[in-house]
Amino acid sequence: MINRKLSKFIVGVATCAIVLSGCGGKRAGGGAAPDRGGPNGDILRVGNGAEPEGLDPHVVTGVPEHHVLLTLFEGLVRMDPTTLEPTPGVAETWEVSPDGLVYTFHLRKGAKWSNGDPLTSKDFAYAWRRCLTPSLASEYAYMLFPMKNAKGYNDGTITDFAQVGCEFPDDHTIKVTLENPTPFFFSLQCHYTWFPVHQKSIEAAGAFDDRGSKWTRPGSLVGNGPYVLTRWVPNSVIEVRPNANYWDAAGVKNGGVDFHPVNEEQAEERMFRAGQLDVTENVPPAKVLHYRKNQPELLRTDDWIGAYFYRVNTKRKPLDDKRVRQALAMAIDREAICSKIMTAGEKPAYFLTPPGTAGYTSTAKLPFDPPRARQLLAEAGYPDGKGFPKIDILYNTLERHQTIAEAVQQMWKTNLGIDIALHNEEWKVYLNSTSNEQMDFDLARAGWIGDVVDPINFLECFLTGNGNNRTGWGNAEYDRLLAAAIKENDITKRHALYDQAEHILIEEVPILPVYHYVKPFLIQPDVRGYDPNILAYYAYHKVWFDKATK
């Protein structure tokens, strides 16, 4: 049950948004076909959330960057967006050894970079070596760790890249040897850390390991995906247009994609209603019910494998005390947040890994228990919140993040008697503040969307020293359990090891889970080929417009 004071706060936020949510007409754009631009009027215009941090596949980590990179680069395989099964990409065919340890890929002999240069196995060798090079400090380098000795090369214990489990016997063959059988290895090939990069353009713009290189700018970026980068106006638009040298150029079904970074959900929704966007990244939570009732043809709510949580800087007092972290976690009413603020079907998260991920659901749980939370806070030296120091919640600029943070702030005031300040930063600044190098926050809003459908993709983020840990927390037993799980071929035993590890994570609380995602967004009724899947993996080049739709 939600307390009355908090209930008034949440209802007030929702009511205010609903009053402002009026939408007229039977379809967005007042019923007229949107003016999409391009020679054939077929440019797909997509809301992309925040302004991307960059477009270097070995440096970025976020969802906005991921969307754009899927259009500019391609890995050895693609995923069928309806089944998530592997389909040919740069590799035309492949074989897997009976023990599941060796994958041999055969590249297309006519594959080219967007500038016309031949694309060969050497480009993958260069890319994987760069991603794993310690001086580049790629936060996502661990995505390559299933490959034999990749971790050792990344941490510097192995200095000869030839010892890493990848061989390139000729220009069109790649042989990858794994540490252990990895059922989701094909899915990894669809993640941008595995994509090839163009050596000449990178080194023309700077050093091999320069994280701030300008090789990703229009006119400099050479890719191998369905599109090329033609224009990038910060905080306005990123334009990509068909790549004539793409192996399936004839199969591209639209004239390009315009990615619009829009932090304000209300503004994005207005752009959609004005016919300026075909697909939004978000829907203001208070408007979901309106669309569901009045314009359901414009609303999509897809299943999405992800978790919304707060990272805790466990190196800062008083958050270095586990009892304080547990108190904060037990004083969050997740049911209220999901029923009163988030209205698209989000589920309260009492643990990290989304339930049902590859058949796994954790038995760990962080309950909503204010009396126990107050007891823990008192044991830590802060009875009724007295003497508790001022700490902040940091969140990247977005209306829903602010609304949720305000609700949590009020819950902690009511349930624990403590005052928490709120602080927002733009996406790029926020990423820097929350990096492992800076750790310039007390509590920070975070989210993790699965890259592959396996619990390890969530749990490995909090291994000691992981590039996406960003909490300062580490636990040797947690690390041991996950290492054992990766080697375990029996799925029941593997899930049991995952669950033991997740119990440690929830007991130690370096993160405060809030809810598990669904993906609500708005989509114009004539858009076709924007197929739903739990990874939000969209084949943008296969999206088209049904001109017969009114």
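Residues numbered from 1 in each chain as written. Predicted model: local features only at pLDDT ≥ 70, side-chain atom pairs only at ≥ 80, totals over all residues. Heavy atoms only, no water.

A. Region of the structure containing the packing of helix α10 (residues 334-341) against helix α12 (residues 399-416). With their axes 11 Å apart at the nearest point, α10 and α12 run at an angle of 140° to one another. As summarised for this structure, α10 and α12 are arranged oblique, according to the angle between their axes. For the crossing formed where α10 meets α12, the hand is right-handed. Facing α10, whose interface residues are Ala336, Ile337 and Ile341, α12 presents Thr403, Ile404, Ala407, Val408 and Met411. (Axes fitted to C-alpha atoms, helices over the stretch in contact; angles between N-to-C directions. Helix = DSSP H or I, 4+ residues; strand = E, 2+ residues; numbered from the N terminus. Parallel < 35°, antiparallel > 145°, perpendicular 65-115°, else oblique. Left-handed = near helix turned anticlockwise from the far one by under 90°. Contact = heavy atoms within 4.5 Å.)

B. How the structure looks around unusual backbone geometry. Following Lys317, the chain continues into Pro318 via a peptide bond in cis, with omega recorded as 0°. Looking at the element boundaries, Pro318 is found in the loop between β11 (299-312) and α9 (322-330). Not every positive phi belongs to a glycine, and Asn149 is a case in point at roughly 65°. When you line up the elements, Asn149 lands in the loop between α3 (121-132) and α4 (150-155). By relative accessible area, Asn149 is classed as partly exposed at 22%. (Buried < 20%, exposed > 50% of the residue type's maximum accessible area, 1.4 Å probe, protein only.)

C. Molecular detail of the packing of aromatic side chains. Within this structure, the stated rule accounts for 32 aromatic pairs. For the pair Phe73 and Trp215, a centre-to-centre distance of 6.4 Å together with 75° between the ring planes defines the contact as edge-to-face. Here Trp215 lies in the loop between α6 (199-205) and β8 (227-233) and Phe73 lies in the loop between α2 (63-72) and β2 (77-79), a separation of 142 residues in the sequence. Both residues of the pair, Phe73 and Trp215, belong to the buried class. Summarising the aromatic geometry, the rings of Tyr140 and Tyr142 are spaced 5.7 Å apart at their centres and angled 45° between planes, so their arrangement reads as tilted. A residue is classified by how much of its surface remains accessible, and Tyr140, at 3% relative accessible area, is buried. Looking at Tyr142, the relative accessible area reads 6%, which means it is buried. Aromatic rings pair up to connect Trp94, Tyr103, Phe105, Phe124, Trp128, Phe168, Phe185, Phe186 and Trp194 into one cluster. Lying across the ring of Trp247, Arg108 places its NZ or CZ 3.4 Å from the centre. The ring of Trp232 has Arg217 lying over it, and the distance from NZ or CZ to the ring centre is 5.0 Å. (Phe/Tyr/Trp six-rings, centres within 6.5 Å; stacked < 30°, edge-to-face > 60°. Lys NZ or Arg CZ within 6 Å of the ring centre and 35° of its normal.)

D. Up close: the pattern of salt bridges. Within this structure, the stated rule accounts for 29 salt bridges. Its salt-bridge partner being Glu92, residue Arg108 comes within 3.6 Å of it at the nearest N-O pair. Of this pair, Arg108 sits in the loop between β5 (102-107) and α3 while Glu92 sits in strand β4 (residues 91-96); the two residues are 16 residues apart in sequence, bridging distant segments of the chain. Overall, the relative accessible area of 11% leaves Arg108 in the buried class. By relative accessible area, which is 45% here, Glu92 ends up partly exposed. Three or more residues joined by partner-sharing salt bridges are found here, namely Arg36, Arg45, Asp278 and Asp526. (Salt bridge = Lys/Arg side-chain N within 4 Å of Asp/Glu carboxyl O.)

E. Representation of the confidence of the model for the chain within the structure. Scored by pLDDT, the chain comes out at a mean of 93, with 94% of its residues at no less than 70. The low-confidence segment residues 1-27 (pLDDT under 50) makes 47 contacts with residues lying over four places distant or belonging to another chain. (pLDDT = per-residue confidence, 0-100.)

F. Geometry of helix α7 (residues 265-273). For α7, the tally of buried residues reaches seven of nine residues, placing the bulk of the element in the interior. The complete set of buried residues in α7 reads Glu265, Gln266, Ala267, Glu268, Glu269, Met271 and Phe272. One or two steps after α7, the chain reaches Gly275, where phi turns positive at roughly 80°.

G. Up close: the environment of Ala307. Within the secondary structure layout, Ala307 lies in strand β11. Under the relative-accessibility criterion, Ala307 is labelled buried at 2%. Taking C-alpha positions, Ala307 is 28 Å from Val527, a pair spaced 220 residues apart along the chain. When residues no more than four places from it in sequence are discounted, the contact partners of Ala307 are Leu352, Ala446, Gly447, Trp448, Phe458, Tyr515, His516 and Tyr517.

H. Representation of the packing of α9 against helix α11 (residues 370-379) within the structure. Following both chains from N to C, one finds α9 and α11 inclined at 160°, their axes separated by 8 Å at the closest point. By the angle class used here, α9 and α11 are roughly antiparallel. Here α9 and α11 pass one another in a crossing that is left-handed. Contacts from Arg323, Val324, Gln326, Ala327 and Met330 in α9 reach Pro370, Arg372, Ala373, Leu376, Leu377 and Glu379 in α11.

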